[in-house]
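# Descriptive structure summary
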Amino acid sequence: MGGFFGVASKKDCVWDLFFGTDYHSHLGTRRAGMTVFGEKGFDRAIHNITNSPFRTKFDRDVTELKGNLGIGCISDYEPQPLLIRSHLGTFAITTVGRIDNLEELVEEVSTNRTQFLAMSGSNINPTELVACLVNQKDSFLEGIKYVQQKVSGSMTLMIMTEEGLYAARDFYGRTPVMIGKKEDGYCVSFESFAYINIGYTDEKELGPGEIVYITPDGYETISPPQETMKICTFLWIYYGYPNSTYEGVNVESMRYNCGAMLAERDNVDPDLVAGVPDSGIAHAIGYANRSGIPFARPFIKYTPTWPRSFMPTDQSMRNLIAHMKLIPVDELIRDKSLLLIDDSIVRGTQLRETTEFLYNSGAKEVHIRPACPPLLYGCRFLNFSRSNSEYDLITRRVIREREGENVSDEILAEYADPDSGRYEQMLEDIRKQLGFTSLRFHRLDDMVKSVGIDKSKLCTYCWDKQGDCSSCKNCPGKSGS
Ligand code: SF4
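Described in the following lines is the structure provided in the data block. (Residues numbered from 1 in each chain as written. Predicted model: local features only at pLDDT ≥ 70, side-chain atom pairs only at ≥ 80, totals over all residues. Heavy atoms only, no water.)

## Observations regarding the overall build of the protein chain
Within the protein chain, the regular secondary structure consists of 17 helices and 23 strands. Along the first, second and third principal axes, the C-alpha set of the protein chain runs to 65 × 50 × 40 Å. The proportion of buried residues among the 481 residues of the protein chain is 56%. Taking all contacts inside the protein chain whose residues are at least 6 apart in sequence as the whole, residues at least 24 apart take part in 68%. (Helix = DSSP H or I, 4+ residues; strand = E, 2+ residues; numbered from the N terminus. Buried < 20%, exposed > 50% of the residue type's maximum accessible area, 1.4 Å probe, protein only. Contact = heavy atoms within 4.5 Å.)

## Describing the packing of helix α4 (residues 102–110) against helix α5 (residues 126–134)
Relative orientation of the contacting elements α4 and α5 amounts to 45°, with a least axis distance of 11 Å. Taken together, the axis directions place α4 and α5 in an arrangement best described as oblique. Two packed elements cross with a definite hand, and for α4 against α5 that hand is left-handed. Contacts between α4 and α5 involve Leu102, Leu105, Val106 and Val109 from the former and Pro126, Leu129, Cys132 and Leu133 from the latter. Here the residues of the contact of α4 with α5 sort into 8 nonpolar, no polar and no charged. (Axes fitted to C-alpha atoms, helices over the stretch in contact; angles between N-to-C directions. Parallel < 35°, antiparallel > 145°, perpendicular 65-115°, else oblique. Left-handed = near helix turned anticlockwise from the far one by under 90°. Nonpolar A, V, L, I, M, F, W, Y, C, P; charged D, E, K, R; others polar.)

## Regarding the sheet that holds strand β11 (residues 201–205)
Adjacent strands of a sheet form backbone hydrogen bonds with each other and so pair up, either parallel or antiparallel. The 7 strands are arranged β3-β2-β4-β1-β10-β9-β11 in an open sheet whose pairing can be described as antiparallel. Whereas interior strands pair on both sides, the edge strands pair on one side only; in this sheet they are β3 (41–48) and β11. Ignoring strand direction, the axes of neighbouring strands in this sheet form an average angle of 15°. Bridging between strand β2 (residues 31–38) and strand β4 (residues 69–75) involves 7 bridges; their strand directions are antiparallel. Paired with Gly33 across the bridge in β4 is Cys73. (Pairing = 2+ DSSP bridges.)

## Concerning unusual backbone geometry
Look at the link from Gln80 to Pro81: it is a cis peptide, with omega at -10°. Assignment of secondary structure puts Pro81 in the loop between β4 and β5 (82–86). The omega torsion across Pro277 and Asp278 is -5°, close enough to zero to call that bond cis. Residue position: Asp278 is located in the loop between β17 (272–275) and α9 (281–291). Despite not being glycine, Glu247 has its phi angle at roughly 50°, a positive value. In this structure Glu247 comes out as partly exposed when scored by relative accessible area, which is 28%. The phi torsion at Asp335 lies on the positive side, around 65°, for a residue other than glycine. Here Asp335 lies in the loop between α11 (330–333) and β20 (337–341).

## What about the site of the ligand?
Close to the ligand lie Cys232, Thr233, Phe234, Cys379, Phe381, Leu382, Phe384, Cys459, Tyr461, Cys462 and Trp463. No other element matches helix α17 (residues 461–464), which puts 3 residues into the shell around the ligand. Looking at the shell around the ligand residue by residue, the classes come out as 10 nonpolar, 1 polar and no charged. (Near = heavy atom within 4 Å.)

Below, the structure written as structure tokens:
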């Protein structure tokens, strides 16, 4: 994933930029950058944040950079923001999203003998490709619209020129963009909570595909939002920060709704309800409040010396680290029946190990309740995980064991239907493989109700393959008209 923050201020903006960008650290673990424009022109710092957090890495830059315009980002993949000089002038650019048709676009622009800097592994920096697409046109506005038209996947971006910032939400609004306001100017933010403590108040949430131009004196919509929205439901379930609100729905409150609806359908009577730290906690509070079963923390994360950003790429090391962070509270586990809520089950490895760990610590029963339905499809729209195969998902591995390699869309749809026999069989196989006492997922209809936004406006692709608008011929703008 990734997140960004920008400021257009009448005063020096670097401290606002520093804290605002830092508040996006939960969205990425690899690279971070800040670029400013001031009296001395453009200036930039980019660091690897794999082993130490943003604030530590940028503590010197924050005192050296000067400017009243700035953009910063946290990135899970490419180094950003990039500084570009072209016929449009000098500008900085940062992006959040995923280019599903990257090779095709590289091929297309390469017919003009364009060059790209190769990243390690010979990969193209996707943000550089976006800059290249912007440069195909005669203005930033036309260039950004061209990006929205050409990119399959999603592309939310910010461009900083010497005069102001362009902010564009991706065409289907899968990720959010907010504008905040204070006396000295404006900020642009992925997360709506990121500007509260630095004195900004909510000013505007961009609509799907909307493009806004922001200066220290004001902002204007230079391309209106389009009708169709497919905002990512996983924002609320897992990766959005609890204090944030998207499309009027707060993350923490939505998670309480999820837990409450899970409790309403449940038929077990555990001693305690717990959440897998951190993203399962709010769902568990919602479950406990609705069921009347006490909420507890039978294992607690040791955070002081484990910065979240320490995430090696090797999966077994990631699992080991996840395990080392969690320390049991014996009194809350021994001889107890526990109901444990996690945001989702992806590979299942960590939850299996957590369950084993609870049994080894004396738990009698471990009932698992993921806060979303079974994940059946990999995300094509956001840079979520680096896995290349849907067989990384435990659901798909179980389905392959039951059905063989080639499974039709109709059969997969049956596995997504919580009232079907195939769904029940899949759950039982997962339960056995992962060693749970019982397993019950949140239903898709209940999850949509937990958000409270009409399903037609949500992306639910990773659960039911709904929300991919790229094949829709009638979407205004995508056709280039
Ligand atoms: S596929 Fe899933 S993770 Fe990706 S945008 Fe849609 S809901 Fe979000």
